[in-house]
Amino acid sequence: MSSGYCSALWRIIFALSLVCAVTLGAAYAQQPVAIEDFAKLRANPLSGLRTVTLQDQVNFAFPSGGQSQNVVSLQAVWPLPLGKDWSLIAYPILSLISQPGLDPGEAQVTGLGDTVLTAAVTPNQTGTLIWGVGAVIDVPTATNHELGSNLWAAGPALALFVEPDPWTVGVLLENAWSFAGSRDEKINVFSAQYFLTYNLPRGWFLESNATATADWDADQSDRWTLPLGGGFGKVFTLGTRSLSVSSQAFYNEPRPSTGPSWSVALSLQLLFPG
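(A) Quick look at helix α2 (residues 35-42). Along α2, the positions that sit buried rather than exposed are Phe-38, Ala-39 and Arg-42. Within α2, the buried residues cover an arc of 100 degrees as seen down the axis, which keeps them to one side.

Put into structure tokens, the structure is as follows:
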């Protein structure tokens, strides 16, 4: 692992720690939440639970066979009140990427990827169907052209969830089109992040949480990426802090000819009651 990658990774960990330090005071003031309740709330980003997640994902056979890409992402789900009846759910994702260079003989490329921000408005009181509607914006923050698009893109977002105990099932649907940047390139990408969680006693859970994508400008054979798989995790307390850890593995089929065949993800999530 390169020194540049380690340095950037520690900066992300520091940023995560800073967020925790600022928000823990507010978290301590809340009433205690049972582990089983935390496990159910964390599975639904529209639940009102505040979360900060550090995830490390390895994509195998990318950009070619025998190679791999490593993506460390910092994700947050943060509800903001809009009066007594509505909330705005902010869902930013920042990523640090390290991968072999795409050009022959090129060294390892490490840097920031593009930043994705989703914001959705949801009612505080819902029926069986929990929903949110809003927008997504892709910000071209990549530090290398191989790690991002260099294009601004935006589009609509729709989140739908149901919670038939002990299940939580949902999907976040988005489509982004480029509107600024290089005139020779464009973005028209659909994504469906699916959430499938089965809650077990004592904070354990089984889950499948990944994102299927479609690049509408690509050839039909290279258009879709569909991760199939899942994993398990547990919610627990460490002193007065509530956390969850999880691991998942996915086989991507279908996938583009240059897409990764397998992906493995490890996540550490900090939980803050509303």
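(B) Structural view of the environment of Lys-186. The topology assignment puts Lys-186 in the loop between β8 (167-181) and β9 (188-199). By relative accessible area, Lys-186 is classed as exposed at 60%. Spatially, the C-alpha atoms of Lys-186 and Asp-217 are 8.4 Å apart, while their sequence positions differ by 31 residues. When near neighbours in sequence (up to four residues on either side) are disregarded, Lys-186 contacts Leu-151, Ser-178 and Asp-217.

(C) Seen up close, the nonpolar core. If you look at the biggest cluster of nonpolar residues, it comprises 10 residues: Leu-46, Val-77, Ile-89, Tyr-91, Ile-130, Ala-157, Ala-159, Phe-161, Leu-172 and Phe-195. Counting only elements with at least two residues in this core, the list comes to β3 (86-99) and β7 (151-162). Take this core: its biggest share by element is three residues, from β7. When sequence neighbours within four positions are dropped, the list of residues in contact with Tyr-91 reads Gln-75, Ala-76, Val-77, Val-116, Leu-117, Thr-118, Leu-172 and Gln-193.

Calculation notes
- Residues numbered from 1 in each chain as written.
- Predicted model: local features only at pLDDT ≥ 70, side-chain atom pairs only at ≥ 80, totals over all residues.
- Heavy atoms only, no water.
- Buried < 20%, exposed > 50% of the residue type's maximum accessible area, 1.4 Å probe, protein only.
- Helix = DSSP H or I, 4+ residues; strand = E, 2+ residues; numbered from the N terminus.
- Arc of directions from axis to C-beta.
- Contact = heavy atoms within 4.5 Å.
- Core = buried A, V, L, I, M, F, W, Y, C linked by side-chain atoms within 4.5 Å.

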